[in-house]
Amino acid sequence: MSAKIRRLVTMLDETHLEMGRDIVPPTRRAAAIAVIVNPFAGVYQADLEALMAIGEELGDLLGRRAVAALGIAPGAAESYGKAAIVGEAGELEHAAAILHPRLGKPLRAAVEKGAALVPSAKKMGGPGTPIDVPLGHKDAAYVRSHFDAMEVRLNDAPRANEILVAVVVTDSGRPLPRIGGLTKDQVEGKDGLR
Amino acid sequence: MNINGIEIRKFATFIEEIFHEGGPVASKPLKMGAIAAVIRNPFAGRYEPNILPMMDQLRPLGLEMSKRLARALGGDLTAIEGFGKGAIVGAAGELEHGALWHVPGGYAMRDLLSNAKAIVPSTKKIGVPGTRIDIPVTHINAAYVRGHFNAMEVGLSDAPRADEMMLVLVMTTGPRIHNRVGGLKASEIKGEDGLR
């Protein structure tokens, strides 16, 4: 099954100044968002295979669009995250079916590698509901400078029978990291943690 | 209130009890709990290069919040299966101030929950009074347990003011109420690396 997509949105967020200090080069985060029709809106469906297949499609589509928005080679991506908001006629598990079983593999292909868990968030919501997409380094979850989140929101989604799915990719960490911990140049990138 | 030099204006605790979400009623309801502490941001309004000392200073507050939250969820530490954390920094602060919460928030919960193995998932943002934040949740011993991936939205109408930070911890007592998308189960955890 393929996703019935109503909207595709890309947001590129560049921070050039933080607390009065120049950020050169700017830190950058890109969100690629799809608003799709929820095939199971209004019904309790035991088998969520159709949504898992949609997750696989969207991992590829949104992963590539986020990387393209940053204008970088896939290997230059540094952190990532994913999230979904389910419209009120659906259930939270619909977000889980999209996000967890199959979305990760094509997303990792889009950013080259990706040894670390893709951090995620999910919720129920209506049009205009914001969601914070958690972010972590793509190869080593403990890189402290890359713990972050990006808030995304669409004024008209998700409607009751829709699901909003967001993938965020960055080419950088927080603007002024200075709380110690594992740094990106110390990453071994084997176990996904360090 | 003051804990180890951290000025606290208020605590807020939220408990959700979920019985079903349109599907079969679960035999055991899922409880999701959050605690928020609204504290003064000592670095508001200026760029302070050395903010690290505050990280250790926050540790007792982290522990106090973990204990309060566990108590609000019934007090049985073995019932806690998922966790997460986050911070909203008031408008006169900087995103990096929120990052100070990683170590004290994470370690406090892991210590209280008998050295839970998994990394504590997190989010942070800048916000104003009324801003809400989604706190991501994963299993406390194995981050890849699929049924426990979740999130809880938290916010307060009166915080954070410009010179404040809102620090948040979340704990849950089980998987999503209608979890059925396969993957690693809590019963299959090896619990060695924090992942599986």
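Our subject is the structure that appears above.
First things first, this report covers the structure right here in the doc. (Residues numbered from 1 in each chain as written. Chains lettered and ligands numbered in written order. Predicted model: local features only at pLDDT ≥ 70, side-chain atom pairs only at ≥ 80, totals over all residues. Heavy atoms only, no water.)

Observations concerning the overall build of chain B
At step 1: On a plain count of helices and strands, chain B comes out with four helices and eight strands.
At step 2: For 196 residues, the compact-globule estimate of 2.2 N^0.38 gives 16 Å, and the C-alpha radius of gyration of chain B, at 17 Å, lies within 12% of that figure.
At step 3: Taking the principal axes of the C-alpha coordinates as reference, chain B spans close to 50 × 35 × 25 Å.
At step 4: Residue burial in chain B is summarised as follows: out of 196 residues, 57% are buried.
At step 5: The contacts of chain B with a sequence gap of at least 6 include a subset with a gap of at least 24, amounting to 76%.
At step 6: Of the accessible surface of chain B, which amounts to about 7500 Å², a share of 50% is contributed by carbon and sulfur atoms.
At step 7: Distance between charge centres in chain B, computed from 23 positive and 20 negative side chains, equals 3 Å. (Helix = DSSP H or I, 4+ residues; strand = E, 2+ residues; numbered from the N terminus. Rg over C-alpha atoms; globule rule 2.2 N^0.38 Å. Buried < 20%, exposed > 50% of the residue type's maximum accessible area, 1.4 Å probe, protein only. Contact = heavy atoms within 4.5 Å. Areas by Shrake-Rupley, 256 points an atom, 1.4 Å probe, with all protein chains shown as cover. Lys, Arg positive; Asp, Glu negative; His and termini not counted. Charge placed at Lys NZ, Arg CZ, Asp CG, Glu CD.)

Concerning empty space enclosed by the protein
At step 1: Counting across every chain of the model gives four cavities of 30 Å³ or more.
At step 2: By volume, the largest cavity amounts to about 140 Å³.
At step 3: Lining the largest cavity are 13 residues, and of these Pro 119, Ala 141 and Phe 147 of chain A together with Ile 119 and Pro 121 of chain B sit closest to its centre.
At step 4: For the lining of the largest cavity, the leading source of residues is strand 5 (residues 131-137) of chain A, giving four residues.
At step 5: A per-class count over the lining of the largest cavity returns 10 nonpolar, three polar and no charged. (1 Å grid on protein atoms, 1.4 Å probe; cavity = no way out; pocket = protein on both sides within 12 Å on 5 of 7 lines; lining within 4 Å. Points joined across faces, edges and corners; volume = space filled by probe spheres on them. Nonpolar A, V, L, I, M, F, W, Y, C, P; charged D, E, K, R; others polar.)

Some remarks on the packing of aromatic side chains
At step 1: Scanning the entire structure with this criterion turns up zero aromatic pairs over all chains.
At step 2: Note that Arg 194 of chain A overlies the ring of Tyr 142 of chain A, its terminal NZ or CZ placed 4.4 Å from the centroid.
At step 3: For the cation-ring pair, Arg 196 of chain B lies above Tyr 144 of chain B, with the distance from its terminal atom to the ring centre recorded as 4.2 Å. (Phe/Tyr/Trp six-rings, centres within 6.5 Å; stacked < 30°, edge-to-face > 60°. Lys NZ or Arg CZ within 6 Å of the ring centre and 35° of its normal.)

Focus on the environment of His 139 of chain B
All names here are of chain B.
At step 1: If you trace the backbone, His 139 turns up in strand 6 (residues 132-139).
At step 2: Sequence separation between His 139 and Ala 37 is 102 residues, and the spatial gap between their C-alpha atoms is 23 Å.
At step 3: In this structure, His 139 is in contact with Glu 81, Gly 82, Phe 83, Ala 118, Val 145, His 148, Ala 186 and Ile 189, ignoring residues within four places of it in sequence.
At step 4: Among the polar contacts made by the side chain of His 139, one reaches the main-chain amide nitrogen of Asn 141 at a distance of 2.9 Å. (Polar contact = N/O pair within 3.5 Å; in protein donor to acceptor, adjacent residues only side chain to side chain.)

So, the nonpolar core
At step 1: Core analysis: the largest hydrophobic core is formed by 49 residues, its most contacted members being Ile 36, Leu 51, Ile 98, Leu 107, Ile 163 and Val 169 of chain A.
At step 2: At the level of secondary structure, the elements contributing two or more residues to this core comprise strand 2 (21-37), helix 1 (49-70), strand 3 (79-86), helix 2 (92-99), helix 3 (104-111) and strand 7 (162-170) of chain A.
At step 3: Residue contributions to this core peak at nine residues, all from helix 1 of chain A.
At step 4: In this structure, Phe 11, Ile 80, Ala 116 and Leu 169 of chain B belong to the second largest nonpolar core, which totals 36 residues. (Core = buried A, V, L, I, M, F, W, Y, C linked by side-chain atoms within 4.5 Å.)

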